[in-house]
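Tertiary structure, described
Okay, here's what each chain looks like letter by letter:
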Amino acid sequence: MSYEPLYVAYLIYFNRDRDYFECHEVLEELWLKQDKDPLYKGLLQVAVGLYHFRNGNVTGGVKMLRSSIERLAPYPGDILGINLTKLRTEVSAYITALEHYQDQPFDYYDLTIEICDAELLRIVASTSLDISPNVPQRRGPQRGAKHELRQR
């Protein structure tokens, strides 16, 4: 099976860098390119949900993670070379914990998307050599050069 380069980049940013903002950026581009495929939207929303909770937005985290589960529900457990069943289970557990966060707070923790396809694992490993981590990670949208020129 061949894998979209943007999907591979998403997995690298998700698993290696834990850069959920960049995950959103690259997978949104693929989602739009793929006519708003709900599978990509669901994966994108997992990253956005973790991004929100890591930044203290519990409500936003719950909302995005719930939406991701709804979008990912109809797909087989081993689609796109990943263990989607495991991811859905872990996201569901995260949602349950976040729903009780007020009474039982806990420290933020990352999730890892398990890659099951050996070819995808090889592609991710080799591509990761060409993708530098964003240091520091972006914590929100950044205004471009045009905005900077208007401010002068």
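For the structure itself, look to the data block above.
Residues numbered from 1 in each chain as written. Predicted model: local features only at pLDDT ≥ 70, side-chain atom pairs only at ≥ 80, totals over all residues. Heavy atoms only, no water.

1. Some points on the packing of aromatic side chains
For clarity, the threshold we go by: Pairing of aromatic rings covers Phe, Tyr and the six-membered ring of Trp, with a centre-to-centre limit of 6.5 Å; geometry is then stacked below 30 degrees between planes, edge-to-face above 60, and tilted otherwise. Helix and strand labels come from DSSP, where a helix needs a run of H or I of at least four residues and a strand needs a run of E of at least two; each type is numbered from the N terminus.
This model, assessed by the stated rule, comprises 13 aromatic pairs. Geometrically, the ring pair formed by F53 and F106 is tilted, given 5.2 Å between the ring centres and 45° between the ring planes. Residue F53 is found in helix α3 (residues 38–54), and its partner F106 is found in the loop between α5 (84–99) and α6 (118–128); the two are separated by 53 residues along the sequence. Counting every residue linked through ring pairs, the aromatic cluster contains F53, Y94, Y101, F106, Y108 and Y109.

2. Some details on the side chain of S67
The line we're drawing: Side-chain atoms alone can form a polar contact between residues adjacent in sequence; in general such a contact is a pair of N or O atoms within 3.5 Å, and within protein one must be able to donate a hydrogen while the other accepts it.
Inspection of the secondary structure assignment puts S67 in helix α4 (residues 58–72). A distance of 3.0 Å separates a polar atom in the side chain of S67 from a polar atom in the side chain of Q45.

3. A word on the pattern of salt bridges
To keep it simple, the criterion reads: Within this document, salt bridges are pairs made up of a side-chain nitrogen of Lys or Arg and a carboxyl oxygen of Asp or Glu, the two lying within 4 Å of each other. Think of it in three bands: with a 1.4 Å probe and only protein chains considered, a residue is buried below 20% of the maximum accessible area for its type, exposed above 50%, and partly exposed in between.
Tallied over the entire structure, the rule returns 7 salt bridges. Of the charged contacts in the structure, one is a salt bridge between E99 and R66, with a shortest N-O distance of 2.7 Å. Here R66 lies in helix α4 and E99 lies in helix α5, a separation of 33 residues in the sequence. The partly exposed category is assigned to E99, whose relative accessible area is 40%. Judged by its relative accessible area of 40%, R66 falls in the partly exposed class. The closest approach of N and O atoms between R122 and E119, which form a salt bridge, is 2.7 Å. You can see R122 and its partner E119 sitting in helix α6, 3 residues apart, about one turn around the helix. A single network of salt bridges, built from pairs that share partners, joins K86, E90 and E114.

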